[in-house]
Amino acid sequence: MLDSSFGPQDMHPNTNVLHVPAYSTVLLVWRSTTLMDHPMHLHGLKMSIIDIALPNKRQDCTLSKCKLNSVYESHEDVRAVAESKGDISVLKDTFILPAGGAVVTQIHTQEPSLWYSHCHLEMHHFDGLSFILNVG
């Protein structure tokens, strides 16, 4: 966790920030249009993997990229998937975001804090495959 005095005013203006409420259960949908898998990591919180959607690569991908996976586009679809899975006890801080795919994760937030999430392929940090999760 970042020092409690650190806040949005201390971040680069192009930093991607995702705001989520404190002390709540949050469903996050992660998507990729790239042609490679990404090992995604979230500092400070554990996630349950609720569902994974893989693209039809022949239909959805070209030689340069994939279409944005349209699975889980509505809040209702995401909630329905989460409710159908019941209690998932395996918690992770890293998972594979499949090429052209989507992953639904669930987190349980606590006190207000800022947490860093990023692809574990270091070169992708510089390409923008990272963000700050602002809890609270």
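Going by the structure above, here's the rest.
Just so we're clear, the structure is a prediction, and the values are computed from it rather than from any experiment.

Asker: Any chance you could explain the side chain of Asn134 here in plain terms?
Answerer: Relative to the elements of secondary structure, Asn134 occurs in strand E8 (residues 130–135). On the basis of relative accessible area, Asn134 is assigned to the buried category, the value being 17%. Non-local contacts of Asn134, meaning those with residues more than four positions away in its chain, are made with Val17, Leu18, His19, Val20, Ser113 and Leu114.

Asker: Would you take a moment to explain the sheet that holds strand E3 (residues 38–42) for this structure?
Answerer: Two strands in a sheet stick together by hydrogen bonds in their backbones, pointing the same way (parallel) or opposite ways (antiparallel). Ordered in space as E1-E8-E7-E3-E5, the five strands form an open sheet in which the pairing is mixed. Each edge of the open sheet is held by one strand with a lone partner, namely strand E1 (17–20) and strand E5 (94–97). Along the sheet, successive strands turn relative to each other by an average axial angle of 25°, direction set aside.

Asker: Hey, could you run me through the nonpolar core in this one?
Answerer: Note that soluble globular proteins tend to have their nonpolar side chains buried in a common cluster. Counting residues in hydrophobic clusters, the biggest one holds 18 residues, and the most contacted among them are Trp30, Leu42, Leu45, Phe95, Ile107 and Leu133. Breaking this core down by element, the ones donating at least two residues are strand E2 (25–31), E3, strand E4 (47–53), E5, strand E6 (102–108), strand E7 (113–119) and E8. Beyond its immediate sequence surroundings of up to four residues, Ile107 is in contact with Ser24, Thr25, Val26, Leu28, Leu42, Leu45, Lys46, Met47 and Leu133. Judged by nonpolar contacts, the second largest core, of eight residues, contains Ala53, Val78, Val81 and Ala102.

Rules used throughout
- Residues numbered from 1 in each chain as written.
- Predicted model: local features only at pLDDT ≥ 70, side-chain atom pairs only at ≥ 80, totals over all residues.
- Heavy atoms only, no water.
- Helix = DSSP H or I, 4+ residues; strand = E, 2+ residues; numbered from the N terminus.
- Buried < 20%, exposed > 50% of the residue type's maximum accessible area, 1.4 Å probe, protein only.
- Contact = heavy atoms within 4.5 Å.
- Pairing = 2+ DSSP bridges.
- Axes fitted to C-alpha atoms, helices over the stretch in contact; angles between N-to-C directions.
- Core = buried A, V, L, I, M, F, W, Y, C linked by side-chain atoms within 4.5 Å.

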